[in-house]
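Residues per chain are reported as follows:
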Amino acid sequence: GGDGGLVFTPNEPVFELPEGVVGEATAVFGDAIALVDYTVEKQDDRLTVTLIWQALGDGQTDYTRFVHLVNPAGGQPPLAQADGFPVFNTYPTSQWQTGEVVTDVVVLPVGQTPPGDYDLLVGFYGAGEGGVVERVTAVAKNGAPFPNDAVPLPTEVRLRN
């Protein structure tokens, strides 16, 4: 009574990659999380970004995931962004288990974004020493670090009115 008919359903861990996903890490965050695949779709006034993460170890820390739409020239704040725990802010990384596959759908509103070509950056951050926010180290599969610990998704985001 009084719950409006809502029922809590815990996230059930998934250990198999979605069909068609090879599972090779394109980026690794710290020693905790790998990005194994993604898709980007433009629909009306929004971008839907689906990220497939894989836990490299049992979660120890609650990291905040970020997806930022930025001007490739840099030096400006994101034009659209979604920062929060994965899976619509419901599944903290501290709850992930080794080998678990997490499908994380992020919707970015872009209706007010000026026409142009943009980059999408993804990554994680958490509280560091003294509570200071620090990004989680991001490296490519060959070990090369990504600038600012933000992984650019190699996809063209072209917005037109």
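Residues numbered from 1 in each chain as written. Predicted model: local features only at pLDDT ≥ 70, side-chain atom pairs only at ≥ 80, totals over all residues. Heavy atoms only, no water.

Caption draft 1: Fine view of the overall build of the protein chain. A count of helical and extended segments in the protein chain gives one helix and 11 strands. Secondary structure elements of the protein chain occur, N-terminal to C-terminal, as β-β-β-β-β-α-β-β-β-β-β-β. Relative to the 2.2 N^0.38 estimate, which gives 15 Å for 161 residues, the radius of gyration of the protein chain is 16 Å and therefore close to what a compact globule would have. Expressed as a percentage of the 161 residues in the protein chain, the buried residues total 39%. Sequence-distant contacts in the protein chain: of pairs separated by 6 or more residues, those separated by 24 or more amount to 65%. (Helix = DSSP H or I, 4+ residues; strand = E, 2+ residues; numbered from the N terminus. Rg over C-alpha atoms; globule rule 2.2 N^0.38 Å. Buried < 20%, exposed > 50% of the residue type's maximum accessible area, 1.4 Å probe, protein only. Contact = heavy atoms within 4.5 Å.)

Caption draft 2: Spotlight on the packing of aromatic side chains. All chains considered together, the criterion is met by five aromatic pairs. Here the aromatic rings of Phe29 and Phe124 are separated by 5.2 Å at their centres, their planes lie at 75°, and the arrangement is edge-to-face. Taken together, the residues span a long stretch of sequence, with Phe29 in strand β1 (residues 27–29) and Phe124 in strand β7 (residues 116–127) at a distance of 95 residues. Each member of the pair, Phe29 together with Phe124, is buried. Considering the side-chain rings of Tyr91 and Trp96, the 6.3 Å spacing of their centres and the 45° angle between planes classify their relative orientation as tilted. Judged by its relative accessible area of 2%, Trp96 is buried. Grouped by ring-pair contacts, the aromatic residues Phe29, Trp53 and Phe124 constitute a single cluster. (Phe/Tyr/Trp six-rings, centres within 6.5 Å; stacked < 30°, edge-to-face > 60°.)

Caption draft 3: View of the pattern of salt bridges. For the structure shown, the criterion picks out five salt bridges. For the salt bridge of Arg160 with Asp117, the shortest nitrogen-to-oxygen distance reads 3.6 Å. Taken together, the residues Arg160 in the segment after β11 (157–159) and Asp117 in strand β7 connect sequence positions 43 residues apart. Several salt bridges share partner residues, and in doing so they unite Asp117, Glu156, Arg158 and Arg160 into one network. (Salt bridge = Lys/Arg side-chain N within 4 Å of Asp/Glu carboxyl O.)

Caption draft 4: Up close: the nonpolar core. Residues Phe29, Leu51, Trp53, Leu69 and Leu108 are the most contacted members of the largest nonpolar core, which totals 34 residues. No other element matches strand β3 (residues 46–55), which puts five residues into this core. Setting aside residues no more than four positions away along its own chain, Trp53 makes contact with Phe29, Ile33, Ala34, Leu35, Arg65, Trp96, Glu100, Val101, Val102, Asp104, Val122 and Phe124. Core analysis: the next-biggest nonpolar cluster, separate from the first, contains seven residues, Val21, Val28, Ala34 and Ile52 among them. (Core = buried A, V, L, I, M, F, W, Y, C linked by side-chain atoms within 4.5 Å.)

Caption draft 5: Representation of the environment of Ala27 in the model. Secondary-structure assignment places Ala27 in strand β1. Between the C-alpha atom of Ala27 and that of Lys141, which follows or precedes it by 114 residues, the distance is 5.6 Å. In this view, Ala27 contacts Ile33, Ala34, Leu35, Val139, Phe146 and Val151; residues no more than four positions away in its chain are not counted.

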